[in-house]
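What the coordinates show
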Amino acid sequence: MSTLSKLFTNKQRQEIVDAILHAEKSTSAEIRVHFENHCKEILMDRAVSVFNKLKMDKTKDRNGVLIYVAIKDRLTAIIGDININKHVDKVFWNDCYLEMSEYFKKGDFTKGVCTAIQLLEIELKNRFPYQKDDVDELSNDISFGQ
Ligand code: CA
Ligand code: CA
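Quick look at the coordination of the calcium ion (ligand 2)
- Surrounding the calcium ion (ligand 2) are the protein donor atoms Glu24 (OE), Glu24 (OE), Glu30 (OE), Asp136 (OD), Leu138 (O) and Asn140 (OD1), at 2.2 to 2.7 Å.
- With 6 donor atoms in place around the calcium ion (ligand 2) and angles of 51 to 171 degrees between them, the coordination shape is irregular.
- All donors of the calcium ion (ligand 2) come from a single chain, and their spacing in sequence reads E-x5-E-x105-D-x1-L-x1-N.
- Distance-wise, the calcium ion (ligand 1) is placed 5.4 Å from the calcium ion (ligand 2), both being coordinated by glutamate 30. Pair noted here: glutamate 30 is in strand 1 (residues 30-36) and asparagine 140 is in the loop between helix 5 (109-124) and strand 4 (143-144), with a separation of 110 residues, a long-range link. With respect to burial, glutamate 30 and asparagine 140 carry one shared label: buried.

Quick look at the structure:
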């Protein structure tokens, strides 16, 4: 377990996982959260590289969404796969980012991320509704980097 994960209590980690579980009961989109201390590349490049490393580009409906947070650098990105981007516009990403940032400013990463997940659930549930034969294609656990 990375030292970064110790920033979160078990309860906080569970809150994030529960928010993902809850969202994925409304939408077929697959949501993942990645925390690391520093972003060593251009933010968007790094977010895309984590996205691909977590095999988020391999979902059946190409509808994965990654919330990427570099905690010490205070950098955040939310990125979606091809089909997400066809349906979700910049205004939504921006709103989501701003809501999340409000909590991050106070150091509350758990609440910030959970809020973003709830917004994603509302935004995605009509366009990518939960399917009866849903498969949990991507782990709901938080991914921790260095
Ligand atoms: Ca699923
Ligand atoms: Ca999942």
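What follows picks up the thread again.
A look at the coordination of the calcium ion (ligand 1)
- The protein atoms that coordinate the calcium ion (ligand 1) are Glu30 (OE), Asp134 (OD), Asp134 (OD) and Val135 (O), at distances spanning 2.2 to 3.0 Å.
- Read in sequence order, the donor residues for the calcium ion (ligand 1) give the motif E-x103-D-V.
- Under the relative-accessibility criterion, aspartate 134 is labelled partly exposed at 26%.
- Overall, valine 135 belongs to the exposed group, its relative accessible area being 54%.

Scoring rules and cut-offs
Residues numbered from 1 in each chain as written. Chains lettered and ligands numbered in written order. Predicted model: local features only at pLDDT ≥ 70, side-chain atom pairs only at ≥ 80, totals over all residues. Heavy atoms only, no water. Donors = N, O, S within 2.8 Å, 3.2 Å for Na, K, Ca; no water. Tetrahedral: all angles 85-135°; square planar, octahedral: opposite > 155°, others 65-115°. Helix = DSSP H or I, 4+ residues; strand = E, 2+ residues; numbered from the N terminus. Buried < 20%, exposed > 50% of the residue type's maximum accessible area, 1.4 Å probe, protein only.

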